[in-house]
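# Secondary and tertiary structure notes
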Amino acid sequence: QQPVQSPQAVILREGEDAVINCSSSKALYSVHWYRQKHGEAPVFLMILLKGGEQMRHEKISASFNEKKQQSSLYLTASQLSYSGTYFCGTEDNQGGKLIFGQGTELSVKP
Amino acid sequence: NAGVTQTPKFQVLKTGQSMTLQCAQDMNHEYMSWYRQDPGMGLRLIHYSVGAGITDQGEVPNGYNVSRSTTEDFPLRLLSAAPSQTSVYFCASSYGAGHYEQYFGPGTRLTVT
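Residues numbered from 1 in each chain as written. Chains lettered and ligands numbered in written order. Predicted model: local features only at pLDDT ≥ 70, side-chain atom pairs only at ≥ 80, totals over all residues. Heavy atoms only, no water.

## Comments concerning the overall build of chain A
- Across its full length, chain A holds 0 helices and 11 strands.
- Expected size for 110 residues packed as a compact globule is a radius of gyration near 13 Å; at 13 Å, chain A falls within 12% of this value.
- Dimensions of chain A, computed from C-alpha atoms along their principal axes, come out at roughly 45 × 30 × 20 Å.
- Burial statistics for chain A: of 110 residues in total, 46% are counted as buried.
- Contacts spanning at least 24 positions in sequence make up 56% of the contacts within chain A whose residues lie at least 6 apart. (Helix = DSSP H or I, 4+ residues; strand = E, 2+ residues; numbered from the N terminus. Rg over C-alpha atoms; globule rule 2.2 N^0.38 Å. Buried < 20%, exposed > 50% of the residue type's maximum accessible area, 1.4 Å probe, protein only. Contact = heavy atoms within 4.5 Å.)

## Quick look at the state of the cysteines
- The tally for this structure, following the rule as stated, stands at 2 disulfides over all chains.
- Between the sulfur atoms of A:Cys22 and its disulfide mate A:Cys88 the distance is 2.0 Å. Classification of the bridge connecting A:Cys22 and A:Cys88 rests on its S-S torsion, roughly 70°, and on that basis the disulfide is right-handed. Of the two residues, A:Cys22 is situated in strand 3 (residues 18-23) and A:Cys88 in strand 9 (residues 84-92); the sequence distance between them amounts to 66 residues.
- Given a relative accessible area of 4%, A:Cys22 falls into the buried group.
- Disulfide pairing is shown between B:Cys23 and B:Cys91; the S-S distance is 1.8 Å. The S-S bond linking B:Cys23 to B:Cys91 shows a torsion near -70°; that makes this disulfide left-handed. One end of the pair, B:Cys23, is in strand 3 (residues 19-25); the other, B:Cys91, is in strand 9 (residues 87-94), with 68 residues separating them in the sequence.
- Look at B:Cys91 and you get buried, because its relative accessible area is 0%. (Disulfide = S-S within 2.5 Å.)

## Structural notes on the sheet that holds strand 7 (residues 64-66) of chain B
Residues and elements named next belong to chain B.
- The strand order across the open sheet formed by 4 strands is 1-3-8-7, and the pairing between neighbours is antiparallel. Edge positions in the sheet fall to strand 1 (4-7) and strand 7, since each of these pairs with one other strand and no more. The sheet shows a mean angle of 20° between the axes of neighbouring strands, direction not considered.
- Of the pairings in the sheet, the one linking strand 3 to strand 8 (residues 76-78) comprises 3 bridges and is antiparallel in character. Across the sheet, the residue bridging to Met19 is Leu78, located in strand 8. (Pairing = 2+ DSSP bridges. Axes fitted to C-alpha atoms, helices over the stretch in contact; angles between N-to-C directions.)

## Remarks on the nonpolar core
- Core analysis: the biggest nonpolar cluster contains 21 residues, and A:Trp33, A:Leu73, A:Leu75, A:Tyr86 and A:Leu106 have the highest contact counts within it.
- The set of elements that each furnish at least two residues to this core consists of strand 2 (9-13), strand 3, strand 4 (28-36), strand 5 (43-49), strand 7 (60-65), strand 8 (70-75), strand 9 and strand 11 (104-109) of chain A.
- By size, the runner-up hydrophobic cluster in this structure holds 18 residues, among which are B:Cys23, B:Met32, B:Cys91 and B:Val112. (Core = buried A, V, L, I, M, F, W, Y, C linked by side-chain atoms within 4.5 Å.)

## Focus on the interface of chain A and chain B
- Between chain A and chain B, the residue contacts involve 21 residues of the former and 22 residues of the latter.
- For the pair chain A and chain B, the summed buried surface comes to about 1,700 Å²; carbon and sulfur atoms form 62% of the total.
- Inspection of the chain A/chain B interface yields 0 salt bridges.
- Summed over the shared surface of chain A and chain B, the result is 4 residue pairs in polar contact (both at pLDDT 80 or more).
- Contributing elements (two or more residues each) for the side of chain A that touches chain B: strand 4, strand 5, strand 9 and strand 10 (99-100) of chain A.
- For the side of chain A that touches chain B, the element with the highest residue contribution is strand 4 of chain A, accounting for 5 residues. (Buried area = accessible area lost by both parts, 1.4 Å probe. Salt bridge = Lys/Arg side-chain N within 4 Å of Asp/Glu carboxyl O. Polar contact = N/O pair within 3.5 Å; in protein donor to acceptor, adjacent residues only side chain to side chain.)

## What about the side chain of A:Gln5?
All names here are of chain A.
- Counting through the fold element by element, Gln5 comes out in strand 1 (residues 4-6).
- With a relative accessible area of 3%, Gln5 lands in the buried category.
- A polar atom in the side chain of Gln5 sits 3.1 Å from the backbone nitrogen of Cys88.
- A distance of 3.1 Å separates a polar side-chain atom of Gln5 from the backbone nitrogen of Gly103.
- Residues contacting Gln5, with those up to four places away along its chain left out, are Ile20, Asn21, Cys22, Trp33, Tyr86, Phe87, Cys88, Gly101, Gln102, Gly103 and Thr104.

Structure below.
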């Protein structure tokens, strides 16, 4: 089953912060985060593993709450280059399948 | 390294035609997968492979076949194209299953009329 992302879309001014959430109905082994620019392929941001630490990529960080089967992506002091669609992908304990959510479209305005 | 390559970039098919989307990687990755992307639906897993000779179904496998005879190649076959298969198709590869970074190809935009 696809994880559920929220919000579906968000508009920010440059320098503002945002949080994107990803939740699953299944116990999770790992959570991936990717960003896709319009017309391009998704690009890896970070992976969070069960029992692992919070990860960071530049001014973007993420957390993974195993008990709630949720992950959140935190974008701090957003830049114009952060615009795009963000996808979370989840792997359950069975392994092998990486299932993505429906995406969150982020627009950063000057 | 070329990374993950996909051919063709664009394709138009008529309903009922068959074709193969090609995917190749030169990173010696064991894990490869196919996704389709439709507006509002995110990336949906079609088929995946954890190594040469091993394939398995994803979320939306109907109408598609795959095989993995070599580590490098993972072709996706549309048996009898339908308008519902109009989509952008991405191939991805990684060192292993799940907890490794996925590298995506540039995508194939397929239109079925």
